[in-house]
Amino acid sequence: MPKAMKVDQLSQKEETRINPQPNILMKKARTLPVYVCRNIWKVGKDDPRRVIHALKVGVALTLVSFLYLLEPLFEGVGQNAMWAVITVVVVLEFTAGATLCKGLNRGFGTLCAVSLAFFIEFMAEETGRVYRAVFIGATVFLVGFMSTYLRFFPFIKKNYDYGVVIFLLTFNLITVSSFRVQNVLHMAQERLYTIAIGCGICLLMSLLIFPNWSGEDLHRSTARKFEALAKSIEGCIDEYFHDKDDKVSENKLDGPIYKGYRAVLDSKFSDETLASFASWEPRPTRHCHKYPWQQYVKLGTVLRHFGYTAVALHGCLQSEIQAPKSVRLLFRDPCMRVASEVSKVLVELAYSISNRRLFSHDALSDHLHEALQDLNSAIKSHPRLFLGSKNGRKVTETKHEKASSAVALPSLKTDTSVMLQWKSNRIADQPKNSSEQKQLRPTLSKLAITTLEFSEALPFAAFASLLVEMVARLELVIEEVEELGRAAYFREPTASDELTIKVKIDNMRHNENSHDLHAHEVHRIVD
């Protein structure tokens with residue numbers, strides 16, 4: 001008997017080794033509940049307002065269900081109470097602006113459809129049955145054509161598309177049903193009442209009980225985008241100048257640098273949607289003016305154009321051709337100072353927007369201008385590095401341009417002759433297999449790139465030019481922020497604000513200096 005049990009165990013192990021699929025499925029089945037619970041907790045932890053909104057929807061559905069559950073309410077409303085439930089499901093959105101937009105669109109569209117159906121019924125009442133059918137068919141065609149054509153207008157599509165759809169649906173249901181069903185207009189009146197009840201409950205839950213405002217979401221997301229770009233730029237600079245090897249390490253697509261600028265580049269649709277919903281929200285202010293939500297959309301567009309430089313800067317880290325470590329360390333301090341000043345301006349812009357305060361960039365712009373001048377002076381002090389990296393280190397700065405050209409041209413000729421000789425030898429020994437030929441082509445291309453005179457300085461020149469382009473585009477961003485502050489009547493900076501800004505800048509510069517000193521000590525120990 002024990003021998004039989006051992007044989008069975010051995011057969012089970014052999015079956016598991018041959019077919020491991022059941023064990024994998026069992027393991028996944030055991031870990032599935034834990035995975036689901038973690039995701040549920042993560043969604044609520046990332047934004048607790050989601051839990052509150054889910055509770056609000058549950059309460060609203062419970063309230064409208066009383067139209068069915070309570071006898072007095074059911075006798076007054078009847079079977080049309082289901083329209084109140086449908087209204088709560090489709091109208092109650094996450095933000096108050098979205099709920100107002102859909103609720104008012106649904107109510108206004110239903111009211112217009114019922115009114116037009118009353119008018120059509122009144123006109124078709126005195127005609128015969130055949131003429132009435134023709135009249136209703138023609139009316140349905142005209143209303144359907146005009147309503148659908150109106151949806152192509154950008155303004156209607158953006159603000160009233162849902163209302164036009166509800167109008168078209170309700171009108172057709174009432175008008176076509178009136179040909180066969182008696183007293184259909186009374187049913188339409190009851191349906192209008194139940195829809196009004198559903199919209200009222202949605203507005204009550206959305207506006208008065210823990211409201212989520214689309215305008216506030218747009219305002220906070222705009223400030224967060226500035227901070228995300230600042231972190232992305234700082235990450236690019238740290239990765240470029242603080243690597244251990246000569247070749248810059250590859251950055252993953254889910255890293256902080258990628259997430260920083262990706263949040264800005266993917267914000268076009270969300271900005272436009274939040275601005276559209278925010279225009280429906282009531283916003284009492286000291287000034288009798290319409291809040292400039294579209295200015296946030298315009299600022300987001302300019303910020304995305306600025307973010308493209310961060311994308312290109314990140315691309316320099318993943319380039320196949322990298323500048324040597326000696327070249328990068330030579331211009332490390334001025335480049336890091338320019339990037340640091342750009343990050344400080346972005347952080348200050350985020351602070352001014354989040355606090356609805358006008359931007360004061362006098363002190364920041366002065367330091368940014370000085371950092372840009374230092375980078376320009378550093379590049380001018382090494383002209384031969386950019387004219388010819390290989391020969392520039394062999395020729396001293398005291399020689400004239402003729403001497404440098406006399407040295408550079410023969411070297412270029414030698415490199416070209418080496419290329420031609422390698423190519424001729426490569427053709428003589430060319431393999432017959434086409435797959436081997438395709439694999440060896442990149443070797444020829446990389447050899448051609450490395451023989452260029454400016455190949456060592458070219459990658460850094462691209463990196464430095466992107467920093468200068470970033471400073472130029474930053475001026476456009478600052479102008480848009482100032483325009484937003486004037487249009488939204490941001491408050492003037494006070495003495496406490498100026499002191500806070502000064503303390504923040506001093507702390508950032510102190511941290512930067514201590515970080516640079518530590519990095520300098522590390523490089524000195526390594527050397």
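Residues numbered from 1 in each chain as written. Predicted model: local features only at pLDDT ≥ 70, side-chain atom pairs only at ≥ 80, totals over all residues. Heavy atoms only, no water.

A. Here's a closer look at empty space enclosed by the protein. Summed over all chains, the structure comprises three cavities of 30 Å³ or more. Computed from the structure, the largest cavity encloses a volume of approximately 60 Å³. As for the largest cavity, its lining consists of Trp 83, Arg 106, Thr 110, Ile 166, Leu 169, Thr 170, Leu 173, Arg 191 and Ile 195. Listing elements by their share of the lining of the largest cavity, those giving two or more residues are helix H6 (96-124), helix H9 (161-177) and helix H10 (184-208). At four residues, the largest contribution of residues to the lining of the largest cavity is made by H9. (1 Å grid on protein atoms, 1.4 Å probe; cavity = no way out; pocket = protein on both sides within 12 Å on 5 of 7 lines; lining within 4 Å. Points joined across faces, edges and corners; volume = space filled by probe spheres on them. Helix = DSSP H or I, 4+ residues; strand = E, 2+ residues; numbered from the N terminus.)

B. Here's a closer look at the confidence of the model for the protein. Averaged over all residues, the pLDDT of the protein equals 76, while 71% of them reach at least 70. Counted against residues more than four places away or in other chains, residues 246-250, with its pLDDT under 50, gives 14 contacts. (pLDDT = per-residue confidence, 0-100. Contact = heavy atoms within 4.5 Å.)

C. Here's a closer look at the pattern of salt bridges. The final tally for this structure, using the stated rule, is 20 salt bridges. Measuring nitrogen to oxygen at the nearest pair gives 2.9 Å for the salt bridge that ties Arg 49 to Asp 217. Taken together, the residues Arg 49 in helix H3 (residues 49-69) and Asp 217 in helix H11 (residues 214-241) connect sequence positions 168 residues apart. A salt bridge links Arg 357 to Glu 348; the shortest N-O distance between them is 2.6 Å. Under the relative-accessibility criterion, Arg 357 is labelled buried at 1%. Bridged by salt links that share partners, the residues Asp 47, Arg 49, Asp 217 and Arg 220 form one connected network. (Salt bridge = Lys/Arg side-chain N within 4 Å of Asp/Glu carboxyl O. Buried < 20%, exposed > 50% of the residue type's maximum accessible area, 1.4 Å probe, protein only.)

D. Structural detail: the nonpolar core. Within the largest apolar cluster, 62 residues are counted, with the highest numbers of intra-cluster contacts made by Phe 226, Phe 306, Val 342, Leu 346, Leu 349 and Phe 460. Listed by contribution, the elements that provide at least two residues to this core are H11, helix H12 (256-265), helix H13 (268-278), helix H14 (293-317), helix H16 (332-354), helix H17 (362-380) and helix H22 (458-487). Considering each element in turn, this core owes the most residues, twelve residues, to H22. Setting aside chain neighbours within four positions, we find Val 342 in contact with Ile 233, Phe 306, Leu 368, Met 470, Val 471 and Leu 474. If you look at the next biggest cluster of nonpolar residues, it comprises twelve residues, including Ala 60, Val 88, Cys 202 and Met 205. (Core = buried A, V, L, I, M, F, W, Y, C linked by side-chain atoms within 4.5 Å.)

E. Here's a closer look at the state of the cysteines. Following the criterion strictly, the structure yields zero disulfides and no others. Cys 236 supplies the cysteine sulfur nearest to Cys 316, a cysteine that is in no disulfide, at a spacing of 8.7 Å. Judged by relative accessible area, Cys 316 falls into the buried class, the value being 13%. (Disulfide = S-S within 2.5 Å.)

F. Spotlight on the packing of aromatic side chains. Counted under the stated rule, the structure contains 14 aromatic pairs. Here the aromatic rings of Phe 167 and Phe 171 are separated by 6.2 Å at their centres, their planes lie at 20°, and the arrangement is stacked. Of this pair, Phe 167 and Phe 171 both sit in helix H9, separated by four residues, roughly a single helical turn. Grouping residues by exposure puts Phe 167 and Phe 171 together as buried. Plain terms: the ring middles of Tyr 291 and Tyr 296 are 6.4 Å apart, the flat faces sit at 20° to each other, and that makes the pair stacked. On the basis of relative accessible area, Tyr 296 is assigned to the buried category, the value being 0%. Within the aromatic cluster, the residues linked to one another by ring pairs are Phe 141, Phe 145, Tyr 149 and Phe 153. (Phe/Tyr/Trp six-rings, centres within 6.5 Å; stacked < 30°, edge-to-face > 60°.)

G. Inspection of the layout of surface pockets at higher detail. Quantified by volume, the largest pocket comes out at close to 420 Å³. As for the largest pocket, its lining consists of 20 residues, of which Leu 104, Asn 105, Phe 108, Gly 109 and Gly 163 are closest to the centre. Elements that contribute at least two residues to the lining of the largest pocket include exactly H6, helix H7 (129-150), H9 and H10. Of the residues forming the lining of the largest pocket, the biggest block, seven residues, is contributed by H6. The class makeup of the residues in the lining of the largest pocket is 14 nonpolar, six polar and no charged. (Nonpolar A, V, L, I, M, F, W, Y, C, P; charged D, E, K, R; others polar.)

H. A look at unusual backbone geometry. Residues other than glycine seldom take positive phi values, yet Phe 210 does so here, at roughly 45°. For Phe 210, the location among the structural elements is in the loop between H10 and H11. Residue classification places Phe 210 among the exposed residues on the basis of a relative accessible area of 59%. Backbone geometry at Arg 356 places phi at a positive 50°, although glycine is not the residue there. When you line up the elements, Arg 356 lands in the loop between H16 and H17.

I. Main features of the side chain of Glu 480. The residue Glu 480 is located in helix H22 in this model. Buried charge without a partner: Glu 480 forms no salt bridge, and the closest opposite charge is Lys 298, 4.1 Å away. Residues in contact with Glu 480, not counting those within four places in the same chain, are Gln 295, Lys 298, Leu 299 and Val 302. (Lys, Arg positive; Asp, Glu negative; His and termini not counted.)

J. Seen up close, the UniProt feature "transmembrane region" (unreviewed entry) in the protein. Mapped onto this numbering, the UniProt entry gives "transmembrane region" (unreviewed entry) at residues 51-70, 82-101, 130-150, 162-180 and 192-210. Taken end to end, residues 51-70 is 95% helix and 0% strand, and its two terminal C-alpha atoms sit 28 Å from one another. In this annotation, residues 130-150 is assigned 100% helix and 0% strand; the end-to-end C-alpha distance for the span is 30 Å. (UniProt positions renumbered as here; feature names shortened; annotations may be inferred.)

K. Here's a closer look at a nonpolar patch on the surface. Judged by side-chain polarity, Phe 141, Leu 142, Phe 145, Met 146, Tyr 149, Leu 150, Phe 152 and Phe 153 come together as a nonpolar surface patch covering roughly 940 Å² of accessible area. Summarising the element assignment, Phe 152 is placed in the loop between H7 and helix H8 (154-159). (Patch = residues over 30% accessible without salt bridge, like charges linked within 9 Å, V, L, I, M, F, W, Y side chains within 5 Å. Areas by Shrake-Rupley, 256 points an atom, 1.4 Å probe, with all protein chains shown as cover.)

L. Quick peek at the packing of H11 against H16. Closest axis-to-axis distance for the H11/H16 pair is 8 Å, and the angle between their directions is 170°. Taken together, the axes of H11 and H16 lie roughly antiparallel to each other. Facing H11, whose interface residues are His 219, Thr 222, Ala 223, Phe 226, Glu 227, Leu 229, Ala 230, Ile 233, Glu 234, Ile 237, Asp 238 and Phe 241, H16 presents Arg 332, Cys 335, Met 336, Ala 339, Val 342, Ser 343, Leu 346, Val 347, Leu 349, Ala 350, Ile 353 and Ser 354. Its residues assigned to classes, the contact of H11 with H16 shows 16 nonpolar, four polar and four charged. (Axes fitted to C-alpha atoms, helices over the stretch in contact; angles between N-to-C directions. Parallel < 35°, antiparallel > 145°, perpendicular 65-115°, else oblique.)

M. Up close: the packing of H11 against H13. Where H11 meets H13, the axes come as close as 8 Å, and the angle between the chain directions of the two elements is 145°. Crossing hand, H11 versus H13: left-handed. For the pair H11 and H13, the contacting residues are Ser 214, Gly 215, Asp 217, Leu 218, Ser 221 and Lys 225 in the first and Asp 271, Leu 274, Ala 275, Phe 277 and Ala 278 in the second. The residue inventory of the contact of H11 with H13, partitioned by class, reads five nonpolar, three polar and three charged. (Left-handed = near helix turned anticlockwise from the far one by under 90°.)

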